[in-house]
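Each chain, letter by letter, is given below.
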Amino acid sequence: MNELDALIEEKTGLTIEQAMRIDKVNLYKKLGEETFWKLSKTFYTKVFNDEEEPWFKNIFKNRSMEEAIENQAEFFMQRMGGPAYFTKRKGHPALMGRHMNFNMAEKAAERWLFHMKASIAETPEIDEDSASRMMDYFTHTAYFLSIGVSKQQGMKRGE
Ligand code: HEM
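Nothing here was measured: the structure is a model prediction, and the numbers come from that model.

Participant: Give me the environment of glutamate 128: which residues, what numbers.
Facilitator: Along the chain, the position of glutamate 128 falls in helix H10 (residues 128-156). By C-beta crowding, glutamate 128 is classed as exposed, having 7 other C-beta atoms within 10 Å. Linking glutamate 128 and lysine 117, residues eleven residues apart in sequence, is a C-alpha distance of 12 Å.

What follows is the structure, given as structure tokens:
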């Protein structure tokens, strides 16, 4: 196991195998495109209107909500067994690089997951088994990005 995966497991209790359960079922086929669009719309509506934690909403302040929805929905569909929508439009997902300029502290990962969990709960088209696979993958990826990006940002500052 690599060092980053070990750290993620320590923090979240999730192994990489658990997180990759999204690949054992084609969730794109199972849930359909409408469900992914609905999920991303619900998620970003919550994020852009997060009055309880305005510092979190501020991470997204220079972005367009419409584009953010499109980016996320296309990435999720691609990652969960659908056509390469994201890559066709924007190139390799390279998630770590695309998050390099944002506040990716652990607190931000937790808030991201809080909104995603609530959004999944508000999307009845997502059955329990799919929801559990998706949340494990999202949790693992959120911590992967948080730890990985924070490390790179620290290296840039010469820490
Ligand atoms: C610490 C938690 C996270 C924060 C603070 C965060 C923040 C952001 C921000 C500010 C954007 C720019 C919005 C846009 O213009 O599209 C973004 C884009 C994106 N995020 Fe995250 N994110 C987090 C976690 C995640 C996770 C867990 C995933 C995937 C499972 C993800 C996937 C994406 C994708 C695909 C994009 C679009 C990138 C692009 O098109 O350039 N993010 N994120």
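Participant: Outline the site of the ligand, listing residues and values.
Facilitator: Around the ligand, the surrounding shell holds 23 residues, and the nearest of these are Asn71, Phe75, Ala109, Trp112 and Ala142. For the shell around the ligand, the secondary structure elements donating two or more residues are helix H6 (65-79), helix H8 (95-98), helix H9 (106-121) and H10.

Participant: Help me get a handle on unusual backbone geometry, residues and values and all.
Facilitator: Of note, the phi angle at alanine 94 is positive, near 30°, even though the residue is not glycine. Mapped onto the elements of the fold, alanine 94 is located in the loop between helix H7 (85-90) and H8. Taking the number of C-beta atoms within 10 Å as the measure of exposure, alanine 94 has 10 and is therefore exposed.

Participant: Please set out the packing of H9 against H10 residue by residue, giving values where relevant.
Facilitator: At their nearest, the axes of H9 and H10 sit 9 Å apart, and the two run at 165° to each other. Comparing the axis directions of H9 and H10 gives the class roughly antiparallel. Crossing hand, H9 versus H10: right-handed. Residues Glu106, Ala108, Ala109, Trp112, Leu113, Met116, Lys117 and Ile120 of H9 touch H10, and the partners they reach there are Ala131, Met134, Met135, Phe138, Thr139, Ala142, Tyr143 and Ser146. Of the residues in the contact of H9 with H10, the class split is twelve nonpolar, two polar and two charged.

Participant: So, H6: which residues are in play, and what are the values?
Facilitator: In this model, H6 (15 residues) spans 21 Å end to end at C-alpha, consistent with the 21 Å of a helix rising 1.5 Å per residue. Listed as buried for H6 are Asn71, Gln72, Ala73, Glu74, Phe76 and Met77. Its buried side turned inward, H6 meets helix H3 (27-31), helix H4 (33-48) and H7. Two residues or fewer past H6, glycine 81 is found with a positive phi of approximately 105°.

Participant: Before we move on, could you go through the packing of helix H1 (residues 3-12) against H10 and cite the residues and values that matter?
Facilitator: The N-to-C vectors of H1 and H10 enclose an angle of 120°; their axes lie 10 Å apart at closest approach. By the angle between their directions, the pair H1 and H10 is classed as oblique. As for how H1 packs across H10, the hand of that crossing is right-handed. Of H10, the residues touching H1 (which contributes Leu4, Leu7, Ile8, Lys11 and Thr12) are Thr139, His140, Tyr143, Phe144, Ile147 and Gly148. Here the residues of the contact of H1 with H10 are counted per class, giving six nonpolar, four polar and one charged.

What counts as what
- Residues numbered from 1 in each chain as written.
- Predicted model: local features only at pLDDT ≥ 70, side-chain atom pairs only at ≥ 80, totals over all residues.
- Helix = DSSP H or I, 4+ residues; strand = E, 2+ residues; numbered from the N terminus.
- Buried ≥ 20, exposed ≤ 12 C-beta atoms within 10 Å, placed from the backbone.
- Near = placed C-beta within 6 Å.
- Axes fitted to C-alpha atoms, helices over the stretch in contact; angles between N-to-C directions.
- Parallel < 35°, antiparallel > 145°, perpendicular 65-115°, else oblique.
- Left-handed = near helix turned anticlockwise from the far one by under 90°.
- Contact = placed C-beta atoms within 7 Å.
- Nonpolar A, V, L, I, M, F, W, Y, C, P; charged D, E, K, R; others polar.
- Expected span 1.5 Å × (residues − 1).

Everything listed here is a matter of coordinates, which is why it stays silent on function.
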